[in-house]
Amino acid sequence: MIDNDIIEDIKSKADIVSIISQYTDTTKKGRNYWAVCPFHQDTSPSMSVSPDKNIYKCFVCGAGGNVFTFVQEYKKISFVEVAQSIGYDMSKLGSLKVKPVDKKAEALFEMNKDAMNYFKTILKTTEGIKAKQYLDGRKIFEDEINEYNIGYASNSGLCNFLEKKGYPLQMIIAGGLAGEKEGEVYDNFRNRIIFPILDINGKVLGFSGRTLNQDSKFAKYINTKETYVFKKKEILYNINNAIQDIRKSKKLYICEGFTDVITLSRCGVKKVVAAMGTAI
Ligand code: ZN
């Protein structure tokens, strides 16, 4: 638990206008600001933001609160959670229920995050030189490598790394990061550029790996197999980066490939995602 005094102190120092402006358009009118409300289908600015009182209030849907409630409500993707947080009559939602914390999913997210960081580190070593050259050829440089958390999987190493971190082998296999054949354990992603796939909240769902091998016997891309958290049909690559622009404009573009997403985004088209293969 965080001390109440600390919360009050942060609240008094946080600039509610600049924080809300990161998520939606705001205009100054008199002492207050007006923002396009992100919590309902708003067309004209309906949300009043008071820098003096450090609060916001939407006069259409009733969303309101302080800087904490805004960020909490905004960042939640679940409609149910947003509805609940604005005091919506939950019985109207029928069978939809608020999900309790899913410990099994959280454990996989944590392992995937460690794997992502491992792949990112390997890309920066001498092992990752060929991968770097490929990315250079695609004009994907340092900034975008970081923005999209791109990494490299060499022929082996991930499984050992994860086991040393304390993840049980069965979990690594179930999470789609390793396989086992006749008692031999191997990394599933080998000699591939790694594109991590994050959900709307930035949790690492799984990976897609592009081979660096010219030989056509290697599939150009492989994805994490279907796991408890990686469900191809429900996944949009880059949704974690694009969601704010999608919410603002209520539009999105769907591309075929990850590099298309990166290229479009580089040209200023930010509300862009890619479907996973033919799953759409
Ligand atoms: Zn509203």
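All figures in this text were calculated on a predicted structure; none of them were measured in a lab.

Student: Break down helix α10 (residues 239–249) for me, citing the residues and quoting the values.
Tutor: It helps to recall that an α-helix has 3.6 residues per turn; residues three or four apart then point in one direction. Looking at α10, one finds that the buried residues are Ile239, Ala242, Ile243 and Ile246. All buried residues of α10 project into a common sector of 125 degrees when viewed along the axis, lining one side. Its buried side turned inward, α10 meets β9 (192–198), β12 (236–237) and β14 (272–275). Directly beyond the C-terminal end of α10, a positive phi value near 55 degrees is found at Lys250.

Student: Explain the nonpolar core residue by residue, including any values.
Tutor: Judged by nonpolar contacts, the single largest core of 48 residues is most densely connected at Ile150, Leu177, Phe207 and Tyr237. Looking at this core, the element that brings in the most residues is helix α5 (residues 103–123), giving 10 residues. For Leu177, the contacting residues outside a window of four places in its chain are Met111, Asn112, Ala115, Leu158, Leu162, Ile172, Asp187, Asn188, Phe189 and Phe207. With 15 residues, the next largest nonpolar core counts Ile16, Tyr56, Ala63 and Val67 among its residues.

Student: So what about the side chain of Thr224? Which residues, and what values?
Tutor: Along the chain, Thr224 turns up in the loop between β11 (221–223) and β12. One polar contact links the side chain of Thr224 to the main-chain amide nitrogen of Phe207, over a distance of 2.7 Å. Contacts of Thr224, omitting those with residues within four sequence positions, involve Gly175, Gly176, Phe189, Gly206, Phe207 and Phe230.

Student: Break down the sheet that holds strand β6 (residues 151–153) for me, with residues and values.
Tutor: If you trace the 4 strands from one edge of the open sheet to the other, you get β6-β9-β10-β11, paired in antiparallel fashion. Of all strands in the sheet, those bounded by a partner on one side alone are β6 and β11. Each strand axis lies, on average, 35 degrees off the axis of its neighbour in the sheet, ignoring direction. Inspection of the sheet shows strand β10 (residues 204–211) paired to β11 by 3 bridges, in the antiparallel sense. Paired with Arg210 across the strands is Tyr221, a residue of β11. Packed on one face of the sheet, α5 meets β6, β9 and β10 and runs near 35 degrees to β10.

Student: Describe the sheet that holds strand β3 (residues 47–50), naming the residues involved and giving the relevant values.
Tutor: An order of β1-β2-β3-β4-β5 is seen for the 5 strands of this open sheet, with the pairing classed as antiparallel. Each edge of the open sheet is held by one strand with a lone partner, namely β1 (26–29) and β5 (64–66). Geometrically, the sheet is characterised by an average inter-axis angle of 20 degrees between neighbouring strands, direction not taken into account. With 4 bridges joining them, β1 and strand β2 (residues 32–35) adopt antiparallel strand pairing. Looking at β2, one finds that Lys28 is bridged to Tyr33. Packing against the sheet, helix α3 (residues 67–75) makes contact with β3, β4 (55–58) and β5, and its axis sits at approximately 120 degrees to β5.

Student: Could you give me a rundown of the coordination of the zinc ion, with the residues and numbers involved?
Tutor: Around the zinc ion, the protein contributes the donor atoms Cys37 (SG), His40 (ND1), Cys58 (SG) and Cys61 (SG), at 2.0 to 2.4 Å from the metal centre. Around the zinc ion, the 4 donor atoms are arranged such that angles at the metal cover 106 to 116 degrees; this shape is classified as tetrahedral. Counting the intervening residues between successive donors of the zinc ion yields the motif C-x2-H-x17-C-x2-C. Note that His40 is positioned in the loop between β2 and β3 and Cys58 in strand β4, a separation of 18 residues in sequence. The class for Cys58 is buried, based on a relative accessible area of 2%.

Reading the values: rules and limits
Residues numbered from 1 in each chain as written. Predicted model: local features only at pLDDT ≥ 70, side-chain atom pairs only at ≥ 80, totals over all residues. Heavy atoms only, no water. Buried < 20%, exposed > 50% of the residue type's maximum accessible area, 1.4 Å probe, protein only. Helix = DSSP H or I, 4+ residues; strand = E, 2+ residues; numbered from the N terminus. Arc of directions from axis to C-beta. Contact = heavy atoms within 4.5 Å. Core = buried A, V, L, I, M, F, W, Y, C linked by side-chain atoms within 4.5 Å. Polar contact = N/O pair within 3.5 Å; in protein donor to acceptor, adjacent residues only side chain to side chain. Pairing = 2+ DSSP bridges. Axes fitted to C-alpha atoms, helices over the stretch in contact; angles between N-to-C directions. Donors = N, O, S within 2.8 Å, 3.2 Å for Na, K, Ca; no water. Tetrahedral: all angles 85-135°; square planar, octahedral: opposite > 155°, others 65-115°.

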